[in-house]
Structures are given as C-alpha cells and as structure tokens.
Amino acid sequence: MMDVLHAPATGICPECQQPFVLAQDTQLFCCAAHRVAWNNRMTVRGRVATPLMIAARLTRNGTRGHSISGYRASSDLDTLIRRWRREDDAEGRMSTVIYVDRRYALGFDPL
C-alpha cells in the first residue's frame, strides 16, 4: 500500500479532462499534444476576440463614442464566447474560467 505522503501528485488535463500524474508541480496538461492543441485554439480565438473586446471596452459596450461599432463588437463577442463554450462542452474540454483559475493558483502571471 502506497503511503499517502508519497503518492504521486495528479492533475486533470484541460484538453481531455482525464487525470494524469504530474511530472512537475506547475504542469497543466497530460501531454505536449494537448497543450499545443489548447494553445493553438486559444491563439486563433484570441485573434478574433481581441479587437472586439478592445472596441467593446473602449466604447463601454457601445454607450460611449462610436456607439454602433462598440455595441456590435460587444454583441459579436458575446456570440463568439457562447459558441466557443458550446464547442468546448461538446468536446469535453475544461471551462476556460476553471483553466484560468488553475493558472492563477499555480502562480502564472499574465502581466
């Protein structure tokens, strides 16, 4: 019987949601292929979402300045986020909110 104090640490992969043994304390994914797939998808999504997010934020979702563009950017961003969430759920991927929470808990600093 393995001593609880010496049991290998485990994690849950954001891409496949399967448990895995951590090779290091800050490991998030079970394998490089899943890390690459997650990061590539987030890169593509970010390229689409970032200008919409900035336009929506700078116009306070269309209530200031270029109101028509800001409102549309906010609406389009909301639509994309709902679509991506449904895609992730259908593919059995971890919620982006939980993923970000895990990154913060491990000390990853985006700034």
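Residues numbered from 1 in each chain as written. Predicted model: local features only at pLDDT ≥ 70, side-chain atom pairs only at ≥ 80, totals over all residues. Heavy atoms only, no water.

Caption draft 1: Expanded view of the layout of surface pockets. Reported here for the largest pocket is a volume of approximately 490 Å³. Sorting the residues of the lining of the largest pocket by element identifies α1 (32-58), α2 (67-91) and α3 (96-105) as the ones contributing at least two each. Of all the elements, α1 adds the most residues to the lining of the largest pocket, at six residues. Looking at the lining of the largest pocket residue by residue, the classes come out as seven nonpolar, four polar and five charged. (1 Å grid on protein atoms, 1.4 Å probe; cavity = no way out; pocket = protein on both sides within 12 Å on 5 of 7 lines; lining within 4 Å. Points joined across faces, edges and corners; volume = space filled by probe spheres on them. Helix = DSSP H or I, 4+ residues; strand = E, 2+ residues; numbered from the N terminus. Nonpolar A, V, L, I, M, F, W, Y, C, P; charged D, E, K, R; others polar.)

Caption draft 2: Geometry of α3. Sitting at the amino-terminal end of α3 is serine 95, which places a side-chain oxygen 3.1 Å from the backbone nitrogen of valine 97. Trailing α3 by a residue or two, glycine 107 shows a phi angle of about 90 degrees, which is positive. (Polar contact = N/O pair within 3.5 Å; in protein donor to acceptor, adjacent residues only side chain to side chain.)

Caption draft 3: Layout of the side chain of arginine 41. Structurally, arginine 41 can be placed in helix α1. Leave out the neighbours within four places in its chain, and arginine 41 touches Glu15, Asp88 and Arg93. (Contact = heavy atoms within 4.5 Å.)

Caption draft 4: Layout of α2. If you check α2, its first and last C-alpha atoms are 36 Å apart, about what 25 residues at 1.5 Å a residue would give, namely 36 Å. Along its buried surface, α2 packs onto α1 and α3. Glycine 92 sits one or two residues past α2 and shows a positive phi near 75 degrees. (Expected span 1.5 Å × (residues − 1).)

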